[in-house]
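Structural features, examined
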Amino acid sequence: MATREKRDFYDVLGVGRGASADEIQRAYRKLARTYHPDVNKDPGAEEQFKDVAEAYDVLSDPDTRKRYDAFGHDYRQVPEGVDPEEYARARSDAGRRPRRGPTPDAGTWFSTSGGPDMDIDIEDLLGGMFGGMRGARTSRRGWGPVAGADQEVEVELTVEEAYRGGRRSLTVSGPDGTRTLDVNIPAGVTDGQRIRLAGQGGAGTAGADAGDLYLVVRLAPHPRYRVNGRSITVDLLLTPWEGALGASVAVDTPGGEAKVRVRAGTSTGKKLRLKGRGLPNPKGTPGDLYAEVKIMVPPKPKADEKRLFEELARASDFDPRKEKRRA
């Protein structure tokens, strides 16, 4: 099986060689969340995740990063105290002749200018600076501490629950098993809002921090309320005489009953605004509630009702169709 060629660690993280520690960390966290096996089931994601983790493991440590900048992927094999320029010249000299054997590494052999049949150990080439390295190479097992992946779970709330907030028990299933969390839902959450639970996401490795868990709020359909952002609309059902003569009418809101004043001559479709009676906003202005008028007639008028409607029809010259044409 062909050995996969090592990519430059800066290229793996998608940052420049002059990237700051914060830029390296941000790049790592973004890529780790993308390729973490807990969240990405693509067959190639695990290898990419390992590359990202190894690159971050090296570049996040100032001393290791300095050695990587000097010696590239040989940084593990080159002993302390080796001059980078001398090492580069030695590698260049060793590469002038066709080499025999594997890729240059501590403890491997090269054909040099001493002749095609003369084998010289790179330890001798550098004057013994690699003494003992052949038997002392360290095998890196694992990829060091890796922060846990962030996770998302949808939580469905009624409009009343979103309005009031409060404690909520949630069961969360994931690669680490099933957990029950007792969480606090802040009052006034809106549809699509993300609630961050720090450290409640996927577990980290080798003592690294766990990821975060994000609750994505979904408002369940409601029989009375229609929600748009923080605004709430509710139907206000009126009789024909309430719309014609005006009235003071009770209207249901998620925060309890409120009174609304209907002016005389109010027709279906009119919206009456109740300022600040929509969803609360802990960081600003609350939403408004709109009572949308719908004039309702008796489905089966009694005899007296029918007689009075007939008298009204004879007495009134109001024609809404003509009024609409004039408008």
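Now for a look at the structure at hand. Quick caveat: nothing in here was measured; it's all calculated off a predicted structure. (Residues numbered from 1 in each chain as written. Predicted model: local features only at pLDDT ≥ 70, side-chain atom pairs only at ≥ 80, totals over all residues. Heavy atoms only, no water.)

Some words on the nonpolar core
With 34 residues, the main nonpolar core has Leu-215, Leu-236 and Val-251 as its most contacted residues. For Leu-236, the contacting residues outside a window of four places in its chain are Val-249, Ala-250, Val-251, Val-260, Val-262, Leu-272, Ala-291, Glu-292, Val-293 and Lys-294. Grouped together as the second largest cluster of nonpolar side chains are 25 residues, Phe-9, Ala-19, Ala-53 and Tyr-75 included. (Core = buried A, V, L, I, M, F, W, Y, C linked by side-chain atoms within 4.5 Å. Buried < 20%, exposed > 50% of the residue type's maximum accessible area, 1.4 Å probe, protein only. Contact = heavy atoms within 4.5 Å.)

Remarks on the sheet that holds strand E7 (residues 213–219)
Taken together, the three strands give an open sheet; going across it, the order is E3-E7-E6, and neighbouring strands pair in mixed fashion. The strands lining the two open edges of the sheet, one partner per strand, are strand E3 (151–157) and strand E6 (194–197). Each strand of the sheet is rotated relative to its neighbour by a mean of 30 degrees, with strand direction disregarded. Summarising the sheet, E6 and E7 pair through four bridges and their orientation is antiparallel. Paired with Leu-197 across the two strands is Leu-213, which belongs to E7. (Pairing = 2+ DSSP bridges. Helix = DSSP H or I, 4+ residues; strand = E, 2+ residues; numbered from the N terminus. Axes fitted to C-alpha atoms, helices over the stretch in contact; angles between N-to-C directions.)

Things to note about helix H3 (residues 45–59)
Working note: α-helix, 3.6 residues per turn, so residues spaced by three or four point in the same direction. Here H3 contains 15 residues, and its C-alpha end-to-end distance of 21 Å stays within 8% of the 21 Å for a straight helix at 1.5 Å per residue. By the burial criterion, the buried members of H3 are Ala-45, Phe-49, Asp-51, Val-52, Ala-53, Glu-54, Ala-55, Tyr-56, Val-58 and Leu-59. Contacts from the buried residues of H3 go to helix H1 (9–13), helix H2 (21–35) and helix H4 (62–71). (Expected span 1.5 Å × (residues − 1).)

Focus on the sheet that holds strand E13 (residues 289–295)
Pairing is mixed in the open sheet, where four strands are placed in the order E8-E9-E13-E12. At either end of the open sheet lies a strand with only one pairing partner, and these are strand E8 (225–228) and strand E12 (271–274). For this sheet the average axis-to-axis angle between neighbouring strands, irrespective of direction, equals 30 degrees. Note: strand E9 (residues 231–238) against E13, seven bridges, orientation parallel. Following the sheet pairing, Thr-233 is matched in E13 by Tyr-290.

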